[in-house]
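Single-letter residue listing:
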Amino acid sequence: MYIVFQDDSDDYLDEYESSLHQFTLLLGGLFSFVMVGYGIYMVRILSRPLAQIEDKISQMSPDQPAFQVETKFSETRQIEQTLLDNKNDIAGYFKREQEFSRFASHELRTPIFNIQGRLEAIVDGVFEPDAETINSIHQQVKHLNNLVEDVRTLALAESNKLQLDIQPHLITEVLER
């Protein structure tokens, strides 16, 4: 059995409770707005170094100027420093490749021009195809073959596919060759 009392004695609290609810709702809404704003601010602060790293990744091409490591966070500073070191390594590889190409083209051109010149002289009747001329052309072809073999060996070494057959030799035998 329940007894229910009807009393109007707390009616004065209804207006107070209503204003308290409104104040709580307003304070909660304001707090939520501030927290969302703070969250957006923190996300931007934390993502800014990642955006800087993304920008530096786009500058990794060897023809781009070197960038500076300028972040205040130690984690991203290490990433930026690694990127800069790798960029410098890549630039060094490209420079070395350009120098090698220039050197190789010069070294290959010389015997080819010698062979071409001797053969044209034979065709034009300047030289007779005697043993000395043929031997000279043969030596240039052997030299050219050695250069091409050296380039092939370097390519195998750079691709880690060069297999070495290391055997003991007497130094006098090596020097005599």
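This write-up is about the structure you can find in this document. Note that the structure is a prediction, hence the values are computed from the model and not measured. Along each chain, residue indices are assigned from 1 in the same order as the chain's sequence is written. Local features in a predicted model are, by the rule used here, given only for residues with pLDDT of at least 70; side-chain atom pairs are given and counted only at 80 or more, and totals for whole chains, interfaces and linings are based on all residues. As a convention, hydrogens and water are excluded, and side-chain values are obtained from all of the structure's heavy atoms.

Focus on the overall build of the chain
Only DSSP runs of H or I reaching four residues or more are called helices, and only runs of E reaching two or more are called strands; each is numbered from the N terminus. The secondary structure content of the chain amounts to four helices and zero strands. Moving toward the C terminus, one meets the helices and strands of the chain in the order α-α-α-α. Note on method: radius of gyration uses C-alpha positions; expected globular size equals 2.2 Å times residues raised to 0.38. Against the compact-globule benchmark of 16 Å for 177 residues, the chain has a radius of gyration of 41 Å, which places it well outside the compact range. Seen through its C-alpha atoms, the chain measures out along the principal axes to roughly 135 × 45 × 35 Å.

Quick notes on the pattern of salt bridges
Any Lys or Arg side-chain nitrogen found within 4 Å of a carboxyl oxygen on Asp or Glu counts as a salt bridge. Enumeration according to the criterion identifies four salt bridges in this entry. Salt-bridge contacts for Lys 56 lead to Glu 70; the nearest nitrogen and oxygen are separated by 3.8 Å. Remark: Glu 70 occurs in the loop between helix H1 (11–57) and helix H2 (74–123) and Lys 56 occurs in helix H1; sequence separation between them is 14 residues. You can call Lys 56 buried: its relative accessible area is 4%. In this structure, the salt-bridge partner of Lys 56 is Glu 80, at a minimum N-O distance of 2.8 Å. One end of the pair, Lys 56, is in helix H1; the other, Glu 80, is in helix H2, with 24 residues separating them in the sequence. A single salt-bridge network, built from bridges that share partners, covers Lys 56, Glu 70 and Glu 80. A simple rule labels every residue: compare its accessible area, found with a 1.4 Å probe on the protein chains alone, to the largest value its type can have, and call it buried under 20%, exposed over 50%, or partly exposed in between.

Re the side chain of Glu 80
Given a relative accessible area of 0%, Glu 80 falls into the buried group. Looking at Glu 80, its side chain comes within polar contact range of the side chain of Lys 56, at 2.8 Å. We call two residues contacting when some pair of their heavy atoms lies within 4.5 Å. Look past the residues within four positions of Glu 80 in its chain and what remains in contact with it is Gln 52, Ile 53, Lys 56, Phe 67, Gln 68, Val 69, Glu 70 and Thr 71. Polar contacts, as used here, are pairs of N or O atoms within 3.5 Å; protein pairs need one atom able to donate a hydrogen and one able to accept it. Residues neighboring in sequence count only if both atoms are side-chain atoms.

Examining H2
Given the number of residues in a helix, its expected span is that number minus one, multiplied by 1.5 Å. The end-to-end C-alpha distance of H2, which contains 50 residues, comes to 72 Å, matching closely the 74 Å that a straight helix rising 1.5 Å per residue would cover. One or two residues past the end of H2 sits Gly 125, with phi positive at roughly 85°.

Here's the deal with the nonpolar core
In terms of nonpolar packing, the biggest core is built from five residues, these being Ile 53, Met 60, Phe 67, Leu 83 and Leu 84. Setting aside residues no more than four positions away along its own chain, Leu 83 makes contact with Ile 53, Ile 57, Met 60 and Phe 67. Buried residues of nine kinds, namely Ala, Val, Leu, Ile, Met, Phe, Trp, Tyr and Cys, make up a nonpolar core once their side-chain atoms join them within 4.5 Å.

Points about a nonpolar patch on the surface
Residues Tyr 16, Leu 20, Phe 23, Leu 27, Leu 30, Phe 33 and Val 34 make up a contiguous nonpolar surface patch of roughly 760 Å² in combined accessible area. Tracing the chain through its elements places Leu 20 in helix H1. The exposure class of Leu 20 is partly exposed, given its relative accessible area of 38%. Put simply, a patch holds well-exposed residues, over 30% relative accessible area, that have no salt bridge, with like charges counted together within 9 Å and Val, Leu, Ile, Met, Phe, Trp or Tyr side chains within 5 Å. Surface accessibility follows the Shrake-Rupley procedure with a 1.4 Å probe radius. Residue values consider only the protein chains on display as shielding.

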